Amino acid sequence: MRVPNRNVLWTFLCCGLAVAMVSLDNLVVITALPAIRESLGGDIQQLEWTVNAYTLTYAVLMLPGAALGDRFGRRRMFVIGLGVFTAASAAAALAPDIGALIAARAVQGLGAAALMPLNLTLLTAVAPAARRGAVLGALSAVEGLAIATGPLLGGVMVEHLTWQWIFWINVPIGLLLLPLGRWKLAESRGSHARLDLTGTVLAGTGLFGIVFGLIQGPTDGWTSTGVLTALTGGTLVLAAFVVWELRTEMPMFPMRLFRHRTFSGMNAAGLLMFAGMFGSVFLLTQFFQGPRGYSPMEAGLRILPWTMVPVFVAPLVGFLSDRIGGRPIVALGLTFQACGLGWIAFRISPEVSYASLVPALVLCGLGMTFYFSPTANLVMSAVRAEDRGMASGSVNALRELGGVLGVAVLASVFTAHGDLTTPDRFTDGMVPALWLGSCIVAVGALAVLATPRHPHRRVAAGKDSGASAPEPEGAPA
């Protein structure tokens, strides 16, 4: 077996650690909210915004972050984003009150949006074509593992250290990666010489409206004036963004990418997968801490059958995707995930034994691994080399939007059928919410099956139609 060259290893180290930091901050704060409230005060809505401020800036600025990387240099923007994220993590740990913490979290999201879309682009550029599936699969497995272990890591730190350590842990990693990334990462740029400022503003404004509406929907009500205005306005602005991108000579995001069925299908699957997974993990973590009465660390430990599967299975899945193609593996993973969530929904009750949930948690872990490992390679192989930055930004932005959508919608279903007052009322709300999460992920599996069995890219011939010569799945883009 050939050993990957040092450039690939160094790039994977830099990108993998950065992905782990950013992905952990999606959920690690949730288990620390009671300790944060005790330390800094604040009402329930302010505590929600310690999570949402990060999600909002992260999701909204992902596409502009990818565009800036294409324009000014991907390594440069990666390092800048990493510096902003590290400094904001220290500011969050030192926050004297809840308002300062919310502001620091928003800046953290800004840094994450600058560096996260560039990970796939930087790694794809150095990974050998024959091993790209395994390399990108390993990076995706790191992301999935970091997301899933967030509640456990947050619980351990809150219970044995202080809540501030959920942010301090980022600082030494960031300080290590700053010089390492500047030294080891290769610089590259996209094909556009000018920054599409109008497209950047339209995309950011439209996404802000939609994400803000999704975040506030469960709190203010989906029919409230503010939520309806945000969702409607955001949708209209995004429509204007699409029209602008189709007409301008130098678009920020080439709409022709969505003409490729693999690219469109995998983006749809990513949004749906994250919606079902994030919303379900959020509720399951609260179930273990609420009706079951476990501590934050104990709750995180009980999700380990879900979170530890990628450690053992991801390398094999990446290897298989290079041999048989990623499409059937991703579809199978989403099916596993949907079945696992359905199993939990069928079994969950205030008296349910933890042992009866373990097989379902393992099935969810298999689903997450099968989904994450081949997805990056499928998307990045479907576009031209100069479009990889925006393709990566699109994947990450839609995943993040899916996470916001999943938590908002499943939380709304939960509150419509139950509440936090008693274990019985909690499971009354949790059961229909998990069934919905299962159905959402199942639709994602159908989206993958609708993509071409043997995806080939069309010949561009200098036209706005696709990419270069046809290539097999997994070949260099």
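Residues numbered from 1 in each chain as written. Predicted model: local features only at pLDDT ≥ 70, side-chain atom pairs only at ≥ 80, totals over all residues. Heavy atoms only, no water.

**Description of the overall build of the chain**
Scanning the chain from terminus to terminus reveals 19 helices and zero strands. With 477 residues in all, the chain has 58% of them scored as buried. For the chain, contacts bridging at least 24 residues in sequence account for 81% of all contacts bridging at least 6. (Helix = DSSP H or I, 4+ residues; strand = E, 2+ residues; numbered from the N terminus. Buried < 20%, exposed > 50% of the residue type's maximum accessible area, 1.4 Å probe, protein only. Contact = heavy atoms within 4.5 Å.)

**Overview of the side chain of T86**
Summarising the element assignment, T86 is placed in helix α5 (residues 74-93). Excluding anything up to four places from it in sequence, T86 contacts N170, V171, G174 and L175.

**Some thoughts on the packing of α5 against helix α9 (residues 170-184)**
Packing of α5 against α9 brings their axes to within 9 Å, and their N-to-C directions diverge by 160°. In this view, α5 runs roughly antiparallel relative to α9, as classed from their interaxial angle. Crossing of α5 over α9 shows left-handed handedness. Judged by residue contacts, R75, V79, L82, G83, F85, T86, S89 and A90 of α5 engage N170, V171, G174, L175, L177, L178, G181 and R182 from α9. Among the residues making up the contact of α5 with α9, the classes are represented as eight nonpolar, six polar and two charged. (Axes fitted to C-alpha atoms, helices over the stretch in contact; angles between N-to-C directions. Parallel < 35°, antiparallel > 145°, perpendicular 65-115°, else oblique. Left-handed = near helix turned anticlockwise from the far one by under 90°. Nonpolar A, V, L, I, M, F, W, Y, C, P; charged D, E, K, R; others polar.)

**Focus on the confidence of the model for the chain**
The predicted structure's coordinates, where accompanied by low pLDDT, should not be read in detail. When the pLDDT values of the chain are averaged, the result is 77; 81% of them are 70 or greater. Contacts for the low-pLDDT stretch residues 456-477, under 50 throughout, to residues beyond four places or in other chains number 66 contacts. (pLDDT = per-residue confidence, 0-100.)

**A closer look at the nonpolar core**
Considering soluble globular proteins, one finds that nonpolar side chains tend to be buried as a cluster. Counting residues in hydrophobic clusters, the biggest one holds 86 residues, and the most contacted among them are F78, W306, L334 and M430. For this core, the element with the highest residue contribution is helix α12 (residues 261-289), accounting for 14 residues. If near-sequence neighbours (up to four positions away) are discounted, M430 is found in contact with L283, L284, F287, I348 and F414. Judged by nonpolar contacts, the second largest core, of 34 residues, contains A93, I98, L207 and L214. (Core = buried A, V, L, I, M, F, W, Y, C linked by side-chain atoms within 4.5 Å.)

**Examining the pattern of salt bridges**
Following the criterion strictly, the structure yields one salt bridge and no others. Close ionic contact of D428 with R425 constitutes a salt bridge, the shortest N to O distance being 3.8 Å. Of this pair, D428 and R425 both sit in helix α19 (residues 423-449), three residues apart, roughly one helical turn. The partly exposed category is assigned to D428, whose relative accessible area is 39%. (Salt bridge = Lys/Arg side-chain N within 4 Å of Asp/Glu carboxyl O.)

**What to know about the packing of aromatic side chains**
Counting across every chain of the model gives eight aromatic pairs. Seen in terms of ring centroids, W163 and F167 are 6.3 Å apart; in terms of plane orientation they differ by 85°. Their pairing is edge-to-face. This pair shows no difference in class: W163 is buried, exactly as F167 is. Here F414 and F426 contribute two aromatic rings whose centre-to-centre distance is 5.0 Å and whose plane-to-plane angle is 65°, an arrangement assigned as edge-to-face. In this pair, F414 sits in helix α18 (residues 388-417) while F426 sits in helix α19, placing the two residues twelve residues apart along the sequence. One aromatic cluster in this structure is built from F287, F288, Y354, F414 and F426. (Phe/Tyr/Trp six-rings, centres within 6.5 Å; stacked < 30°, edge-to-face > 60°.)

**Here's the deal with the state of the cysteines**
Applying the stated rule across the entire model yields zero disulfides. Of all cysteine sulfurs, the one in C15 lies closest to C14, which takes part in no disulfide; the gap is 6.6 Å. (Disulfide = S-S within 2.5 Å.)

**As for the side chain of S438**
Along the chain, S438 turns up in helix α19. For S438, a relative accessible area of 8% gives the class buried. In this structure the side chain of S438 is engaged in a polar contact, spanning 2.6 Å, whose partner is the backbone oxygen of A338. Here S438 is in contact with A338, L341 and G342, once residues within four sequence places are set aside. (Polar contact = N/O pair within 3.5 Å; in protein donor to acceptor, adjacent residues only side chain to side chain.)

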